[in-house]
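# Structure at a glance
The residues making up each chain are set out below.
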Amino acid sequence: MSPAERGALILDAAEQVLLDGGLHALTMEGVAQAAGMSKRTLYCHFSGRDALMSALVTRLREAVIKPLNAEQIALPLERRLHLLLDPQAENQARATALEILRAVVAEAPQHPDLARRFLQDGPRAVRGLIHQELDRGVARGEIALRDTGTAADLLHAMALPCPLEAFLNPGEGQSDAATRSAHVNRAIAVFLHGARLL
């Protein structure tokens, strides 16, 4: 098994442990057991529980929102934003991300450092990707914005739904990929129209 394959196996096991037992069950020993390997092998890949959780959050974020590749970066701004924000992730990845968010929120008072890391590797990283594309758009003359950071926050809030409804009303508010895609398209269109007026 290659190091990449072993790392993926560990993250699969960590995801399952977290979903089955919550954040308190996510221990290095529990993940090693679920992955069928020794703790020593696990520590060769991840320095500790926080590093493991951070990698898990990053993997889930990239399953939902992927950074653009070199070919995509050459496209016009509107198309880049569509590729970045259009939620093409499988429903399972979205459900898993929601469960992990639920676990982190519930246990944030006991694990504030982990909650901060989740914010950094999850929502803040997504806003960072949007910010990067808006900066690129300004540099290329595709859009005129003075504060791309605030604009990135606004577009993030417009395009991606807040998980609160799913938390409070499980099973409701779920939409299919076409509906989510249409929402993102409308959000980008409204955002770019408004930005051009600034």
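See the structure shown above.
Along each chain, residues carry numbers from 1 onward, in the same order as the chain's sequence is written. Where local features are concerned, this predicted model is filtered to residues with pLDDT of at least 70; where side-chain atom pairs are given and counted, the filter is 80 or more; whole-chain, interface and lining totals use all residues. To get the side-chain values, all heavy atoms of the structure are used, and hydrogens and water are removed first.

### Regarding the overall build of the chain
Helix and strand assignments follow DSSP, with helices taken as H or I runs no shorter than four residues and strands as E runs no shorter than two, numbered in order from the N terminus. Within the chain one finds 12 helices and 0 strands. Counted from the first residue to the last, the chain has its helices and strands arranged as α-α-α-α-α-α-α-α-α-α-α-α. For the chain, the C-alpha atoms occupy an extent of roughly 55 × 40 × 30 Å along the three principal directions. Each residue gets one of three labels from its accessible area relative to the maximum for its type: buried under 20%, exposed over 50%, partly exposed in between, using a 1.4 Å probe on protein chains only. Counting over 198 residues, the chain shows a buried share of 38%. Put simply, of all contacts in the chain between residues at least 6 apart along the chain, 71% involve residues at least 24 apart. Note that accessible areas follow from Shrake-Rupley with a 1.4 Å probe, and for residues the cover is restricted to the protein chains shown. Entry remark: accessible area of the chain is about 10,900 Å², with carbon and sulfur atoms responsible for 55%. Asp and Glu are treated as the negative residues and Lys and Arg as the positive ones, with His and the ends of the chain left uncounted. A charge is said to be at NZ when it belongs to Lys, at CZ for Arg, at CG for Asp and at CD for Glu. Of the side chains in the chain, 21 bear a positive and 23 a negative charge, and the two mean positions are spaced by 4 Å. Whether two residues touch is decided by their heavy atoms; if any such pair falls within 4.5 Å, the residues are in contact.

### Examining the pattern of salt bridges
Put simply, a salt bridge is a Lys or Arg side-chain nitrogen that is within 4 Å of an Asp or Glu carboxyl oxygen. Tallied over the full model, the rule gives 7 salt bridges. Residue Glu142 pairs with Arg80 through a salt bridge whose shortest N-O separation is 3.0 Å. With Glu142 in the loop between α9 (123-139) and α10 (148-159) and Arg80 in helix α6 (residues 77-85), this pair connects stretches of sequence that are 62 residues apart. The class for Glu142 is partly exposed, based on a relative accessible area of 26%. Given the relative accessible area of 0%, Arg80 is considered buried. Taken together, the shared-partner salt bridges in this structure form one network comprising Arg80, Glu133, Arg136 and Glu142.

### What about helix α8 (residues 112-121)?
All buried positions along α8 are accounted for by Leu114, Ala115, Phe118 and Asp121. Looking down the long axis of α8, one finds its buried residues gathered within 135 degrees of arc, a one-sided arrangement. Directions pointing from the helix axis toward each C-beta atom define the arc.

### Brief notes about the nonpolar core
Buried together is how nonpolar side chains tend to be arranged in soluble globular proteins. We call a set of buried Ala, Val, Leu, Ile, Met, Phe, Trp, Tyr and Cys residues a nonpolar core when their side-chain atoms join them within 4.5 Å. Counting 27 residues, the largest nonpolar core has Leu18, Leu26, Val31, Leu52, Met53, Leu56 and Ile100 as its most contacted members. Looking at this core, the elements with two or more residues in it are α1 (3-21), α2 (28-35), α4 (49-64), α7 (91-107) and α8. A total of 6 residues in this core trace back to one element, the largest contributor, which is α1. Once you skip the residues sitting within four places of it in the chain, Met53 turns out to touch Leu18, Leu23, Leu26, Ile100, Val104 and Leu114.

### Let's talk about the packing of α9 against α10
Fitted lines through C-alpha atoms serve as axes, helices being fitted only where they are in contact, and the angles separating the N-to-C directions of these axes extend from 0 to 180 degrees. Where α9 meets α10, the axes come as close as 8 Å, and the angle between the chain directions of the two elements is 125 degrees. Judged on the interaxial angle alone, α10 and α9 are oblique. You can see that α9 and α10 cross each other, and the crossing is right-handed. When α9 is examined against α10, the residues Pro123, Val126, Arg127, Ile130, His131, Leu134, Asp135 and Val138 are found in contact with a partner set consisting of Thr148, Gly149, Ala151, Ala152, Asp153, Leu155 and His156. Three classes are used: nonpolar for Ala, Val, Leu, Ile, Met, Phe, Trp, Tyr, Cys and Pro, charged for Asp, Glu, Lys and Arg, and polar for all others, with Gly counted as polar. Its residues assigned to classes, the contact of α9 with α10 shows 8 nonpolar, 4 polar and 3 charged. The scheme is simple: roughly parallel for angles under 35 degrees, roughly antiparallel for over 145, roughly perpendicular for 65 to 115, oblique for anything else. Crossing handedness follows the turn of the near helix against the far one: under a right angle anticlockwise gives a left-handed crossing, and clockwise gives a right-handed one.

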